[in-house]
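# Structural characterization, general
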Amino acid sequence: MKRVYNFSAGPAVLPEEVLKEAAEEMLDYQGTGMSVMEMSHRSKAFEKIITEAEQDLRDLMNIPDNYKVLFLQGGASQQFAMIPMNLMKNKVADYIITGQWAKKAAAEAEKYGKVKRIASSADKTFSYIPDCSDLPIDDDADYVYICENNTIYGTKYKELPNTKGKLLVADVSSCFLSEPVDVTKYGIIYGGVQKNIGPAGTVIVIIREDLITEDVLPGTPTMLQYKTHADAKSLYNTPPAYGIYICGKVFKWLKKMGGLEVMKERNEKKAKLLYDYLDQSKLFKGTVEKKDRSLMNVPFVTGSDELDAKFVREAKEAGLENLKGHRTVGGMRASIYNAMPYEGVEALVAFMKKFEKENL
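Below is a summary of the structure that appears in this document. (Residues numbered from 1 in each chain as written. Predicted model: local features only at pLDDT ≥ 70, side-chain atom pairs only at ≥ 80, totals over all residues. Heavy atoms only, no water.)

Moving on: the overall build of the protein chain. Summing up its helical and strand segments, the protein chain has nine helices and 14 strands in all. Reported as C-alpha extents along the three principal axes, the dimensions of the protein chain are approximately 65 × 60 × 30 Å. Split into buried and exposed, the 360 residues of the protein chain put 56% on the buried side. Partitioning the intrachain contacts of the protein chain with sequence separation of at least 6 by distance along the chain shows that 68% fall at a separation of at least 24. If you sum the accessible surface of the protein chain, you get close to 16000 Å²; carbon and sulfur atoms cover 50% of it. Distance between charge centres in the protein chain, computed from 49 positive and 50 negative side chains, equals 3 Å. (Helix = DSSP H or I, 4+ residues; strand = E, 2+ residues; numbered from the N terminus. Buried < 20%, exposed > 50% of the residue type's maximum accessible area, 1.4 Å probe, protein only. Contact = heavy atoms within 4.5 Å. Areas by Shrake-Rupley, 256 points an atom, 1.4 Å probe, with all protein chains shown as cover. Lys, Arg positive; Asp, Glu negative; His and termini not counted. Charge placed at Lys NZ, Arg CZ, Asp CG, Glu CD.)

So, about the pattern of salt bridges. Throughout the structure, instances matching the rule amount to 30 salt bridges. In this structure, K164 engages D134 in a salt bridge whose closest nitrogen and oxygen atoms are separated by 2.6 Å. One end of the pair, K164, is in the loop between β7 (155–156) and β8 (168–171); the other, D134, is in the loop between β4 (114–120) and β5 (144–147), and 30 residues separate them in sequence. Residue class for K164 comes out partly exposed when judged on its relative accessible area of 43%. Residue D134 is classed as exposed on the basis of its relative accessible area of 59%. (Salt bridge = Lys/Arg side-chain N within 4 Å of Asp/Glu carboxyl O.)

Below, the discussion takes up the nonpolar core. Formed by 85 residues in total, the largest nonpolar core has its most connected members in M61, I206, F251, F284 and F311. At ten residues, helix α6 (residues 241–257) tops the list of elements feeding residues into this core. Excluding anything up to four places from it in sequence, M61 contacts F176, L177, V181, V183, I189, I206 and L260. One finds F80, L87, A105 and L211 within the second-largest nonpolar core, a separate group that totals 35 residues. (Core = buried A, V, L, I, M, F, W, Y, C linked by side-chain atoms within 4.5 Å.)

Pairing within the open sheet is antiparallel, and its three strands lie in the order β11-β12-β14. The sheet is open, and its two borders are formed by β11 (285–286) and β14 (332–335), each paired with just one other strand. In terms of strand pairing, strand β12 (residues 297–301) meets β14 through four bridges, oriented antiparallel. Considered in β14, the bridge of F300 is made with M332. Against the sheet, helix α7 (residues 260–280) touches β11, β12 and β14, its axis set at about 20 degrees to β12. (Pairing = 2+ DSSP bridges. Axes fitted to C-alpha atoms, helices over the stretch in contact; angles between N-to-C directions.)

This part covers helix α9 (residues 342–359). Over its 18 residues, α9 runs 26 Å from end to end, which matches the ideal 26 Å to within 8%, given 1.5 Å per residue. Those residues of α9 that sit buried are G344, V345, L348, V349, F351, M352, F355, E356 and N359. The buried residues of α9 all sit within an arc of 165 degrees when viewed along its axis, so they share a single face. Turning to α9, the residues buried within the fold contact β1 (5–6), α7, β12, α8 (305–317), β13 (320–321) and β14. (Expected span 1.5 Å × (residues − 1). Arc of directions from axis to C-beta.)

This next bit is on the sheet that holds β8. Strand order in this open sheet of seven strands is β2-β10-β9-β8-β5-β3-β4, and the pairing throughout is mixed. Single-partner strands in this sheet number two, and they are β2 (67–72) and β4. Between one strand axis and the next, the sheet turns through 20 degrees on average, direction left out of account. Each of β2, β3 (92–97), β5, β8, β9 (188–192) and β10 (203–208) is contacted by helix α3 (residues 75–87), which is oriented at about 155 degrees to β9, the strand it contacts most.

Attention shifts here to the environment of T202. Structurally, T202 can be placed in the loop between β9 and β10. By relative accessible area, T202 is classed as buried at 1%. Once the C-alpha coordinates of T202 and L87 are considered, the two residues, 115 residues apart in sequence, prove to be 22 Å apart. Among residues more than four places away in sequence, those in contact with T202 are F71, L72, G191, G192, V193, Q194, P240, G243 and I244.

Each pair of packed helices can be described by the angle between their axes along with the distance between the axes. Close contact between α8 and α9 brings their axes to 11 Å; oriented N to C, the two are set at 135 degrees. Considered as vectors, α8 and α9 are oriented oblique to each other. Remark: the crossing between α8 and α9 carries right-handed chirality. Contact residues: α8 offers L307, K310, F311, E314 and A315, while α9 offers L348, F351, M352, F355 and N359. A per-class count over the contact of α8 with α9 returns seven nonpolar, one polar and two charged. (Parallel < 35°, antiparallel > 145°, perpendicular 65-115°, else oblique. Left-handed = near helix turned anticlockwise from the far one by under 90°. Nonpolar A, V, L, I, M, F, W, Y, C, P; charged D, E, K, R; others polar.)

This brings us to the packing of α7 against α9. Running from N to C, α7 and α9 cross one another at 10 degrees; their axes reach a closest spacing of 9 Å. Relative to α9, α7 is oriented roughly parallel. Taking contact as the criterion, the partners of K269, K270, L273, L274, Y277 and L278 in α7 are, on α9, Y342, V345, E346, L348, V349, M352, K353 and E356. Partitioned by chemical class, the residues of the contact of α7 with α9 number nine nonpolar, no polar and five charged.

None of the figures reported here should be taken as evidence of function without further support.
As structure tokens, this is what we get:
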């Protein structure tokens with residue numbers, strides 16, 4: 001069996017240990033005689049899976065009791081509509097635009113109310129995080145929205161915006177569980193799991209209880225009301241059962257590794273290795289302002305489209321997969337999520353050094 005180093009931005013690398021465990025349980029989950037893919041979401045076996053997954057996530061993130069954890073479908077993109085439908089009481093929301101996903105979320109929210117784009121880094125191709133210490137927050141804003149880690153552009157908020165008392169909503173899809181987080185600073189913190197936690201098809205929403213009400217926008221579908229899912233403990237309809245099962249295994253793996261403090265140290269070490277090389281390379285250069293660099297997604301370029309294409313092609317031949325940058329920015333991008341081992345980044349840097357030598 002040949003495993004490659006997979007630098008994909010999502011669906012992305014998962015811990016090998018988790019994949020092996022899931023493979024062992026594929027035909028017979030803990031003596032049930034069936035796969036988790038086949039079992040009823042109302043069964044005792046699955047009830048245990050989802051209950052344990054939620055508890056392990058609560059332990060990892062120190063989620064307070066007045067927050068609900070919801071396992072939903074529709075990915076992060078469905079939350080772009082669900083958030084305004086449930087939260088836009090005054091029909092006003094403030095959005096900080098730091099990339100493609102915040103941009104899409106703002107455009108979707110405009111269908112439901114007035115969206116104010118109170119800060120943006122579009123002027124420099126989203127290569128930095130704007131100063132959010134004194135924003136023109138609207139008095140009527142129902143919430144302030146951010147995408148905390150920008151997968152495509154490789155930026156990350158190192159400090160949360162000063163929302164001047166307004167509710168903060170954050171999409172954390174690509175930095176979920178990569179470091180400790182203070183959940184109490186957010187009204188909603190959510191993310192698609194296919195980058196750092198599990199297979200595509202599941203989104204986790206951590207929402208403060210007082211935000212779960214029946215007072216939603218008229219016409220909001222039953223399935224897009226947080227209350228529907230909170231009341232039914234994520235079992236209103238058939239949930240993404242297998243995805244939740246894998247997430248649960250990843251949570252246990254994270255606990256075994258030592259939790260989020262340890263993951264942060266590991267992630268900083270991996271990112272430092274790659275950024276240190278980029279900073280002294282004569283061929284490659286990073287595209288993000290140093291102070292705003294992501295630990296998870298590292299975009300870089302050679303300055304030549306031909307060389308970029310050659311690099312991606314030869315890297316693939318060397319067992320380094322999915323290094324092509326997002327179609328909107330080109331170049332290369334290495335996504336080095338929790339499950340990417342240090343050896344994977346070492347192999348990438350060694351290959352980059354060799355490529356630089358041969359192509360300068």
